[in-house]
Amino acid sequence: MAKPNLDPDLTLSKPEELKAFRDMLLIRRFEERCGQMYGEGLIAGFCHLYIGQEAVVVGMQMAIGAGDQVITAYRDHGHALMAGMDPKAVLSELTGRMAGASRGKGGSMHVFAPDRGFYGGHGIVGAQVSLGTGLAFANRYRGNDRVCLTYFGDGASNQGQVYESFNMAKIWNLPVVYIIENNHYGMGTSIERASANLNLSERGLSLNIPGMQVDAMDVRAVRAAGAKAVEHARSGKGPIILEMLTYRYRGHSMSDPAKYRSREEVQKVKDQNDPIDRSRTRILKEGYASEEDLKRIEQEIREIVAAAVDFAKTSPIPDASELYTDVYA
Ligand SMILES: Cc1ncc(C[n+]2csc(CCOP(=O)(O)OP(=O)(O)O)c2C)c(N)n1
Ligand SMILES: [Mg+2]
């Protein structure tokens, strides 16, 4: 793989670094509990965990402002939490409860909170790229200064509608940042086997859309690149691509024979490049917090997730009459 372009200005202030650590930890602990609850039969249907990729959404969230929009694929729990959704509403959606963000009807892949600028949660690979481009078009049409972050995977980057969307976005210089979460695998195929050009940041070059590769296991690099990209899109220069070099630790979904990579490969990333460990090391080195402070943060996160689990387990399931609401025919 090509080496990422590291931004020289990577510094995070003490409150920023501590917030990033906390947010990444919240996603990780939340996702670990989702994995457990799936095993216990409390979550049904599809479920794709974000463990390993936390720095992407946490860093990008630090780069946007109020009113900006986010849309992503089915690996969406982290994006929902970072949009400011209550972990109780997200977990209740996963467990099919009435208190879920989509009243328990959408499940893991279809969490939404348009009031918070979060437009889901989409199961058709690549489809959200066209929808995100449409959100950016609406911003231009309405004359507001909002930017839409449109996330998709390395696998999705080979879908046709992605390029139709790129073309329209560039013709009209729409305020959209395309974020390719390159975790190196689709459902069961490595990027090396599926993509003719492994540098996905170059995917817009023939349409004059610039791109950058980012070390997305470092939340500082994501924030720095994100800030530049958002400023580019907001200032009227049009779309830009950020290729986030990241990694997923768990299977593609909850059923995954994982024949396409070795355990050693996964272990090596966990040991040497984990985004949360990297943040923790910096915090201790800079003296931003002590081991005891970090333990307290961990305890707080555990309590937030435990409260969400209790809530999701005990909140009522939808009444049978709900079968006939929110449907077209
Ligand atoms: C149009 C379409 N084709 C195939 C699928 C089945 N499918 C679901 S996820 C996936 C792989 C996508 O990989 P990537 O875009 O890299 O995202 P990641 O799962 O790695 O986050 C495939 C082929 C689908 N949901 N939609
Ligand atoms: Mg992928």
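Quick notes on the rules
- Residues numbered from 1 in each chain as written.
- Chains lettered and ligands numbered in written order.
- Predicted model: local features only at pLDDT ≥ 70, side-chain atom pairs only at ≥ 80, totals over all residues.
- Heavy atoms only, no water.
- Helix = DSSP H or I, 4+ residues; strand = E, 2+ residues; numbered from the N terminus.
- Rg over C-alpha atoms; globule rule 2.2 N^0.38 Å.
- Contact = heavy atoms within 4.5 Å.
- Areas by Shrake-Rupley, 256 points an atom, 1.4 Å probe, with all protein chains shown as cover.
- Core = buried A, V, L, I, M, F, W, Y, C linked by side-chain atoms within 4.5 Å.
- Buried < 20%, exposed > 50% of the residue type's maximum accessible area, 1.4 Å probe, protein only.
- Near = heavy atom within 4 Å.
- Polar contact = N/O pair within 3.5 Å; in protein donor to acceptor, adjacent residues only side chain to side chain.
- Nonpolar A, V, L, I, M, F, W, Y, C, P; charged D, E, K, R; others polar.
- Donors = N, O, S within 2.8 Å, 3.2 Å for Na, K, Ca; no water.
- pLDDT = per-residue confidence, 0-100.
- Patch = residues over 30% accessible without salt bridge, like charges linked within 9 Å, V, L, I, M, F, W, Y side chains within 5 Å.
- Salt bridge = Lys/Arg side-chain N within 4 Å of Asp/Glu carboxyl O.

Draft legend 1. Inspection of the overall build of the protein chain at higher detail. The helix and strand tally for the protein chain stands at eleven helices and five strands. In terms of overall dimensions, the protein chain is globule-like: its C-alpha atoms have a radius of gyration of 19 Å, near the 20 Å expected for 329 residues. By principal-axis analysis of the C-alpha atoms, the protein chain measures approximately 60 × 50 × 40 Å. Counted over contacts in the protein chain with a minimum sequence separation of 6, partners at least 24 positions apart contribute 76%. Surface accessibility of the protein chain: about 14900 Å² in total, with carbon and sulfur atoms responsible for 53%.

Draft legend 2. Broad picture of the nonpolar core. Among the nonpolar cores identified, the biggest contains 63 residues, and Met60, Leu91, Leu149, Val177 and Met244 are the most heavily contacted of them. Considering every element that reaches this core, the biggest residue donor is helix 1 (residues 14-39), with ten residues. Once residues within four sequence positions are removed from consideration, Met60 is found in contact with Leu149, Tyr151, Ile179, Val222, Gly226, Val230, Leu242 and Met244.

Draft legend 3. View of the site of ligand 1. Residues in contact with ligand 1 amount to 15 residues; listed here are only the nearest, Tyr74, Arg75, Gly155, Ala156 and Asn183. Take Gly123: an N or O atom from its main chain is 2.9 Å from a nitrogen atom of ligand 1. The side chain of His252 places a nitrogen or oxygen atom 3.3 Å from an oxygen atom of ligand 1. Here ligand 1, which alone exposes 590 Å², has 70% of that area covered by the protein. Of the residues contributing to the shell around ligand 1, the split by class is six nonpolar, seven polar and two charged.

Draft legend 4. Quick look at the coordination of the magnesium ion (ligand 2). At this site the magnesium ion (ligand 2) is bound by Asp154 (OD), Asn183 (OD1) and Tyr185 (O), with donor distances of 2.1 Å. Along the chain, the residues donating to the magnesium ion (ligand 2) fall in the pattern D-x28-N-x1-Y. Separated by 29 residues along the polypeptide, Asp154 in the loop between strand 2 (148-153) and helix 6 (160-171) and Asn183 in the loop between strand 3 (176-182) and helix 7 (191-194) bring together distant segments of the chain.

Draft legend 5. Main features of the confidence of the model for the protein chain. Across the protein chain, the average pLDDT comes to 96, with 97% of residues at or above 70. When pLDDT is averaged over each element of the protein chain, strand 3 comes out on top at 99 and helix 7 at the bottom at 96.

Draft legend 6. Spatial organisation of a nonpolar patch on the surface. A cluster of nonpolar side chains, contributed by Phe137, Tyr141, Met168, Ile171 and Trp172, occupies part of the molecular surface with about 600 Å² of accessible area. Looking at where Trp172 falls in the secondary structure, it is placed in the loop between helix 6 and strand 3. On the basis of relative accessibility, which here comes to 44%, the residue Trp172 falls in the partly exposed class.

Draft legend 7. View of unusual backbone geometry. Even without being a glycine, Asn208 presents a positive backbone phi close to 65°. With respect to the secondary-structure elements, Asn208 resides in the loop between helix 7 and strand 4 (211-215). Positive phi is not limited to glycine here, since Asp326 has a value of about 60°. Mapped onto the fold, Asp326 is located in the segment after helix 11 (291-314). Residue Asp326 is classed as exposed on the basis of its relative accessible area, which comes to 62%.

Draft legend 8. Structural detail: the side chain of Gln128. Mapped onto the elements of the fold, Gln128 is located in helix 5 (residues 127-142). Relative accessible area serves as the criterion here: at 1%, Gln128 is assigned to the buried category. Excluding residues that lie within four positions of it along the chain, Gln128 makes contacts with Ile71, Thr72, Ala73, His122, Thr150, Tyr151 and Phe152.

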